[in-house]
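This is what each chain is made of:
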Amino acid sequence: MTRPGDTWRNWGRSAAVRPVRVERPRSPEGVQRAVKAALAQGLTVKAVGAGHSFTGIAVAPGVLLELDDMQGLVSADAGTGLVTLLGGTRLHRIPGLLARHGLAMQNLGDIDRQSIAGAISTGTHGTGVDFGGIGTQVRGLTMVTADGEFLRIDAEHNAEMLPGAVVGLGALGIVVEVTLQCVPTFLLHAVDEPVPLEEALDTLHERAADADHLEFYWHPHTEVALMKTQRRLPESARRRPIPRLRHWTDETVLANGVFGAFCAVSRFAPAVIPPFNRLAVKLTGDAEYTDRSHRVLIHRRAVRFREMEYAIASEHVVTAFQAIRSLIAERGWRVEFPVEVRFAAGDELWMSTASGRNSAYIAVHRYWRVDPREYFDAVEQIMLDLGGRPHWGKLHSLTDGQLRERYPRFDDFVALRDRLDPGRLFGNRHLERILGV
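It should be emphasised that the depicted structure is a prediction, and the values quoted were computed from it without experimental measurement. (Residues numbered from 1 in each chain as written. Predicted model: local features only at pLDDT ≥ 70, side-chain atom pairs only at ≥ 80, totals over all residues. Heavy atoms only, no water.)

1. Notes on the overall build of the protein chain
Then step 1. A tally of regular secondary structure across the protein chain gives 14 helices and 20 strands.
Then step 2. Computed over the C-alpha atoms, the radius of gyration of the protein chain is 21 Å, within 12% of the 22 Å expected from 2.2 N^0.38 for a compact globule of 437 residues.
Then step 3. Evaluated residue by residue, the protein chain yields a buried proportion of 57% over its 437 residues.
Then step 4. Taking as baseline every contact in the protein chain between residues at least 6 positions apart, the subset at least 24 positions apart corresponds to 73%.
Then step 5. In the form shown here, the protein chain has an accessible surface area of approximately 17,800 Å², with 50% of it arising from carbon and sulfur atoms.
Then step 6. When the 52 positive and 52 negative side-chain charges of the protein chain are each reduced to one mean point, those points stand 7 Å apart. (Helix = DSSP H or I, 4+ residues; strand = E, 2+ residues; numbered from the N terminus. Rg over C-alpha atoms; globule rule 2.2 N^0.38 Å. Buried < 20%, exposed > 50% of the residue type's maximum accessible area, 1.4 Å probe, protein only. Contact = heavy atoms within 4.5 Å. Areas by Shrake-Rupley, 256 points an atom, 1.4 Å probe, with all protein chains shown as cover. Lys, Arg positive; Asp, Glu negative; His and termini not counted. Charge placed at Lys NZ, Arg CZ, Asp CG, Glu CD.)

Spelled out as structure tokens, the structure:
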């Protein structure tokens with residue numbers, strides 16, 4: 001909770017601001033009142049969910065709306081699978097809300113700390129060549145616009161706006177409700193296994209096509225890919241979850257406790273990074289289990305980090321990965337965090353990173369106390385040369401002119417912003433950089 005006079009900081013500690021005022025609305029009507037008050041006082045206003053974006057996209061120098069108290073289910077129809085949630089609802093709460101209706105989200109990312117409004121607004125995605133980002137599950141939303149009024153956007157109301165409004169970057173209004181197309185509850189059969197890196201790269205597209213969900217992690221300075229392959233099963237299938245003690249050991253002790261200590265030490269002794277990474281791939285990433293979808297897709301991330309992720313056309317993924325691998329070796333860098341590779345189906349959302357093309361995602365990370373700029377800048381250039389698009393919630397250096405070249409509907413989105421927020425009530429410096437003044 002941010003108190004009056006406090007400095008708000010995002011989770012990655014890469015953005016901070018001391019807002020003029022902090023409000024915690026409990027309802028869409030409370031958001032409406034806050035927006036009207038900010039407008040009357042000549043202050044900008046922005047909402048923040050979990051603050052899990054690494055960019056300054058949610059920085060609110062005027063009025064900061066914390067949506068922690070705006071969580072929960074508005075409506076659910078088990079027959080159609082349509083579910084409406086308050087915009088501040090955290091992703092980790094949604095499986096429990098949906099389970100009583102026999103429903104689940106079709107796909108999730110690998111972290112569930114975000115709010116549903118923040119997740120769709122920044123283009124959060126999971127993995128799977130046949131599955132789009134979370135935004136593709138949206139069938140409608142309600143936002144408070146710059147005139148202080150509610151705007152419903154769905155198949156029956158302002159339908160032409162929906163492809164532009166889903167990944168709205170917080171630039172169009174405050175999203176107070178989100179309607180999702182959900183699916184019947186399902187299980188995932190998961191196989192986590194170490195695979196020789198060259199074999200993984202040679203067979204990557206075949207593996208991705210054969211699985212429902214596939215991703216892999218590569219610890220720099222190793223020759224192993226930690227491959228995670230998942231196939232969907234009906235809820236009636238038998239659950240075989242990871243035993244509790246092993247799950248606690250793998251996720252709490254190794255992936256967070258030991259890894260956090262290693263990251264802290266590696267700042268001052270980078271020579272320990274290669275041997276530790278080689279040890280890590282021997283101790284983790286080898287398991288087979290079947291469990292509820294969200295228990296398989298989601299991972300707990302307690303070690304604070306900073307991240308950059310780019311989407312490229314899926315056919316370029318091996319080329320991009322090999323270039324990053326060579327870059328790290330040539331520069332002699334010691335990189336403590338793994339590189340992550342995922343996939344998504346193309347979609348028709350204007351500002352989605354997968355807009356118009358089937359996409360692969362490569363994410364690079366650094367411990368939050370390490371300056372990532374040299375590493376991120378060099379990786380970014382590789383991705384740009386291959387037509388990459390940066391994740392809206394993760395670090396990048398691009399400006400509106402560069403982004404316009406990468407999004408066919410960029411000018412349509414800017415025109416929609418001009419229509420809904422001509423006075424830039426919801427603006428900040430980051431949005432000026434990526435969308436123009």
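2. So, the sheet that holds strand E11 (residues 174-181)
Then step 1. The strand order across the open sheet built from five strands is E6-E7-E11-E9-E10, with neighbouring strands paired in antiparallel fashion. In this open sheet, the two strands that pair with only one neighbour each are strand E6 (73-77) and strand E10 (150-154). Recorded for the sheet is a direction-independent mean angle of 10° between the axes of neighbouring strands.
Then step 2. Packed onto the sheet, helix H1 (residues 28-41) meets strand E7 (82-86), strand E9 (138-144), E10 and E11 and runs at close to 145° relative to E11. (Pairing = 2+ DSSP bridges. Axes fitted to C-alpha atoms, helices over the stretch in contact; angles between N-to-C directions.)

3. Examining the environment of Ala280
Then step 1. Within the secondary structure, Ala280 is located in helix H8 (residues 273-283).
Then step 2. For Ala280, a relative accessible area of 13% gives the class buried.
Then step 3. Distance from Ala280 to Asn158, taken between C-alpha atoms, is 51 Å for residues 122 residues apart in sequence.

4. A look at unusual backbone geometry
Among all residues save glycine, negative phi is the norm, and among peptide bonds the norm is trans.
Then step 1. Although it is not a glycine, Arg13 adopts a positive phi angle of roughly 55°.
Then step 2. Note on placement: Arg13 falls in the loop between strand E1 (8-9) and strand E2 (16-17).
Then step 3. A positive phi angle, near 80°, is found at His221, a position not held by glycine.
Then step 4. Inspection of the secondary structure puts His221 in the loop between strand E14 (213-218) and strand E15 (224-234).

5. Brief notes about the pairing of E11
Sheet faces and side chains relate simply in a regular strand, where the side chains alternate between the two faces.
Then step 1. Counting buried positions over the eight residues of E11 gives seven, a clear majority of the element.
Then step 2. Alignment of E7 against E11, held across five bridges, turns out to be antiparallel. Paired with Val83 across the bridge in E11 is Leu180.
Then step 3. Sheet analysis places E9 next to E11, joined by six bridges and oriented antiparallel. Paired with Gly140 across the bridge in E11 is Thr179.

6. Observations concerning the pattern of salt bridges
Then step 1. Per the counting criterion, the structure on display carries 26 salt bridges.
Then step 2. Across the pair Asp110 and Arg301 runs a salt bridge, and its minimum N-O distance is 3.9 Å. Of the two residues, Asp110 is situated in the loop between strand E8 (103-104) and helix H3 (116-121) and Arg301 in the loop between helix H9 (293-297) and strand E17 (305-313); the sequence distance between them amounts to 191 residues.
Then step 3. With relative accessibility at 9%, the residue Asp110 sits in the buried group.
Then step 4. Between Glu307 and Lys394 there is a salt bridge, with the nearest N and O atoms lying 2.9 Å from each other. Of the two residues, Glu307 sits in strand E17 while Lys394 sits in the loop between strand E20 (389-390) and helix H12 (400-404), which places them 87 residues apart along the sequence.
Then step 5. A relative accessible area of 10% places Lys394 in the buried class.
Then step 6. When salt bridges that share partners are traced, they join Asp110, Arg301, Glu307, Glu309, Glu340, Arg342 and Lys394 into one network. (Salt bridge = Lys/Arg side-chain N within 4 Å of Asp/Glu carboxyl O.)

7. Some details on empty space enclosed by the protein
Then step 1. A full pass over the atoms with the stated rule returns two cavities of 30 Å³ or more.
Then step 2. Reported here for the largest cavity is a volume of approximately 80 Å³.
Then step 3. The wall of the largest cavity is formed by 15 residues, among which Gly123, Thr124, Gly133, Asp347 and Ser352 lie closest to the centre.
Then step 4. In the lining of the largest cavity, the residues fall into six nonpolar, eight polar and one charged. (1 Å grid on protein atoms, 1.4 Å probe; cavity = no way out; pocket = protein on both sides within 12 Å on 5 of 7 lines; lining within 4 Å. Points joined across faces, edges and corners; volume = space filled by probe spheres on them. Nonpolar A, V, L, I, M, F, W, Y, C, P; charged D, E, K, R; others polar.)

8. Regarding the packing of helix H7 (residues 244-266) against H8
Then step 1. Contact geometry for H7 and H8: axes closest at 11 Å, N-to-C directions at 170°. Of the possible angle classes, the one that applies to H7 and H8 is roughly antiparallel. Seen from H7, the contacting residues are Leu254, Val258, Phe259, Phe262 and Ser266; seen from H8, they are Ile273, Phe276, Asn277 and Leu283.
Then step 2. Among the residues making up the contact of H7 with H8, the classes are represented as seven nonpolar, two polar and no charged. (Parallel < 35°, antiparallel > 145°, perpendicular 65-115°, else oblique.)

9. Some details on helix H11 (residues 373-385)
Then step 1. Given a rise of 1.5 Å per residue, 13 residues ought to cover 18 Å, and the 18 Å separating the end C-alpha atoms of H11 matches this to within 8%.
Then step 2. For H11, the complete set of buried residues consists of Tyr375, Phe376, Ala378, Val379, Glu380, Ile382, Met383 and Leu384.
Then step 3. Phi for Gly387, located one or two positions after H11, is positive at around 80°. (Expected span 1.5 Å × (residues − 1).)

10. Examining the side chain of Ser121
Then step 1. Topologically, Ser121 is positioned in helix H3.
Then step 2. Residue Ser121 is classed as buried on the basis of its relative accessible area, which comes to 10%.
Then step 3. A polar contact of 2.7 Å, which involves the side chain of Ser121, links it to the backbone oxygen of Ala117.
Then step 4. Leaving out residues up to four positions away in the same chain, Ser121 has contacts with Val166, Val167, Gly168, Leu169, Gly170 and Val175. (Polar contact = N/O pair within 3.5 Å; in protein donor to acceptor, adjacent residues only side chain to side chain.)

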